[in-house]
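This is what each chain is made of:
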Amino acid sequence: MSELRFMTAGESHGPCLTAILEGLPAGLKLSEENINRDLARRQQGYGRGGRMKIETDKVEVVSGVRFGETLGGPITLRVVNKDHGNWGGRMAPFGEPEGEKVTAARPGHADLTGVAKYAREDVRDILERSSARETTMRVAVGAICKEFLGALGMEVVSQVLNIGGEAVDESTVDRSKLGQANGSELNCYDQAAEERMKARIDEAKQEGDTLGGVFEVTVRGVPVGLGSHIQWDRRLDARLAGAMMSIQAIKGVEIGAGFRCADLPGSLIHDEVFLDKSGMPCRKTNRAGGLEGGMSNGEEIVIKAAMKPIPTLMQPLQSVDIESHKAVMACKERSDTCAVSAASVVGEAMAAIVLAQAVCEKFGSDALVDVKAALAAYNQRLRKAWVG
């Protein structure tokens, strides 16, 4: 059994972005349309910048899939950067450098620390790879993992809860409708809140500023027992939190009730367990966010992530020049005013990848037919233990 893993490569303004996904079972039907739909969702959203008007991301599957079905080998994906043509020799792998060096580091970005760590003299050597453009390939990989989870009865959805302090009234959101098309430009399911968010984004754009926010990812249909309490690095909540924190600009993660757990007594936090009509254990609340003891407990997995404002401001902040060692204003790169809705799609992808890994660890990863059989047998054992 091989471990499900992936790796991405490519620079923001390089010729293309690539990814290799290894360890996915053979026999999974894939839809190119579904992958491209998630790539388009990542590019859309109120507050996105000019780059999204240039790129129309489409996936090219280079290996591992034949006639729409996975073969069990590494799946290689590629997305062309259309904007690369506008950059000429500035991103050439060989030859003499063209264009001016970028030396004014941006506060809040990888710029200053990156040039120090890797001994570079041009911030572009850092910003090209640290750019959130890299998440294009995470979304492509995640879309494939969502197809895999879907074949096993699971679904990954998301919603934006807060932008720049303008928050959704969560009590009014019909969670059963998450994932359904609702015409929202911000992946928001509270129309009144979305209008306030848009006004806040317009205000920030006018001021040359940027905004962050909070999104939520929900995974439905997760079986009991993914992950483990046995070792720290096998705990599913830790892996999901780490995956969310790996997304550019994410500075905080909550599982379920999250930080509210610090304010309330155990009697108001822990989810009581009941028996449903069939005699199986169930919960009427989900403050644990579907995870207990590092394992999935059968309820929806609910993860919130807080995104900081994008570090590239059209009204730059005070910084330093890595060449002259003098005080300067930070450099400006083409950027967005707000990308929280895009980050929510990346969050879906990362959750799907981690869940797909956990599924393969527990039920195997050679052939989809065997994974389905193993999952069915496992669920049958659980049911037999409770209801006979």
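We now turn to the structure provided with this report.

Conventions we followed
Residues numbered from 1 in each chain as written. Predicted model: local features only at pLDDT ≥ 70, side-chain atom pairs only at ≥ 80, totals over all residues. Heavy atoms only, no water. Helix = DSSP H or I, 4+ residues; strand = E, 2+ residues; numbered from the N terminus. Contact = heavy atoms within 4.5 Å. Areas by Shrake-Rupley, 256 points an atom, 1.4 Å probe, with all protein chains shown as cover. Lys, Arg positive; Asp, Glu negative; His and termini not counted. Charge placed at Lys NZ, Arg CZ, Asp CG, Glu CD. Buried < 20%, exposed > 50% of the residue type's maximum accessible area, 1.4 Å probe, protein only. Polar contact = N/O pair within 3.5 Å; in protein donor to acceptor, adjacent residues only side chain to side chain. Patch = residues over 30% accessible without salt bridge, like charges linked within 9 Å, V, L, I, M, F, W, Y side chains within 5 Å. Salt bridge = Lys/Arg side-chain N within 4 Å of Asp/Glu carboxyl O. Core = buried A, V, L, I, M, F, W, Y, C linked by side-chain atoms within 4.5 Å. Pairing = 2+ DSSP bridges. Phe/Tyr/Trp six-rings, centres within 6.5 Å; stacked < 30°, edge-to-face > 60°. Lys NZ or Arg CZ within 6 Å of the ring centre and 35° of its normal. Axes fitted to C-alpha atoms, helices over the stretch in contact; angles between N-to-C directions.

Let us look at the overall build of the protein. Per the secondary structure count, the protein includes nine helices and 17 strands. Seen through its principal axes, the protein has C-alpha atoms that stretch 75 × 50 × 40 Å. Counting only contacts in the protein whose residues sit at least 6 apart along the sequence, the fraction spanning at least 24 positions is 72%. Of the roughly 19,000 Å² of accessible surface on the protein, 52% is carried by carbon and sulfur atoms. The centroid of the 48 positive side-chain charges in the protein is displaced by 3 Å from the centroid of its 53 negative side-chain charges.

Moving on: the side chain of Ser296. For Ser296, the location among the structural elements is in strand β14 (residues 295-296). For Ser296, a relative accessible area of 2% translates into the label buried. Among the polar contacts made by the side chain of Ser296, one reaches the main-chain carbonyl oxygen of Pro223 at a distance of 2.6 Å. A distance of 2.8 Å separates the side chain of Ser296 from the backbone nitrogen of Leu226, its partner in a polar contact.

A cluster of nonpolar side chains, contributed by Leu275, Trp386 and Val387, occupies part of the molecular surface with about 320 Å² of accessible area. Looking at Trp386, the relative accessible area reads 52%, which means it is exposed.

On to the nonpolar core, then. With 81 residues, the main nonpolar core has Phe148, Ile163, Leu236, Leu240, Ile301, Leu355 and Val359 as its most contacted residues. In terms of residue count, the dominant contributor to this core is helix α8 (residues 340-363) (17 residues). With eight residues, the next largest nonpolar core counts Val115, Val123, Ile126 and Ile322 among its residues.

The residue Met137 is located in helix α5 (residues 135-151) in this model. We classify Met137 as buried; its relative accessible area is 1%. With 60 residues separating them in the primary sequence, Met137 and Leu77 have C-alpha atoms 7.7 Å apart. With sequence-adjacent residues up to four places away left out, Met137 is seen in contact with Thr8, Leu17, Thr18, Ala19, Leu77, Arg78 and Val79.

Okay, the pairing of strand β1 (residues 5-9) next. Pairing of β1 with strand β2 (residues 16-22), which is carried by five bridges, proceeds in the antiparallel orientation. Residue pairing across strands places Thr8 opposite Ala19, the latter belonging to β2. The hairpin formed by β1 and β2 contains six residues between the paired strands, and Gly10 there has a positive phi angle of roughly 125°.

The way to describe two aromatic rings as a pair is by their centre distance and the angle between their planes. Throughout the structure, instances matching the rule amount to one aromatic pair. Taking the centre distance of 5.4 Å and the plane angle of 65° together, the rings of Phe363 and Tyr378 count as edge-to-face. Note that Phe363 is positioned in helix α8 and Tyr378 in helix α9 (residues 368-387), a separation of 15 residues in sequence. The burial state of Phe363 is the same as that of Tyr378; both residues are buried. Over the ring of Tyr118 we find Lys117, and its NZ or CZ is 5.4 Å from the ring centre. One residue, Lys284, lies across the ring of Phe274, its end atom 4.2 Å from the ring centre.

Pairing is antiparallel in the open sheet, where five strands are placed in the order β8-β7-β9-β15-β10. Looking at the sheet topology across the chains shown, the edges are occupied by β8 (166-167) and β10 (250-255). Here β10 pairs with strand β15 (residues 301-307) via five bridges, running antiparallel. Paired with Ile250 across the strands is Met307, a residue of β15. Packing of helix α6 (residues 191-206) onto the sheet brings it into contact with β7 (155-163) and β8, and relative to β7 it is tilted by some 60°.

Bringing the sheet that holds strand β3 (residues 60-63) into the picture now. Pairing within the open sheet is antiparallel, and its four strands lie in the order β1-β2-β6-β3. Looking at the sheet topology across the chains shown, the edges are occupied by β1 and β3. Ignoring which end each strand starts from, the neighbouring axes of this sheet average 20° apart.

Coordinates in, geometry out; function isn't part of it.
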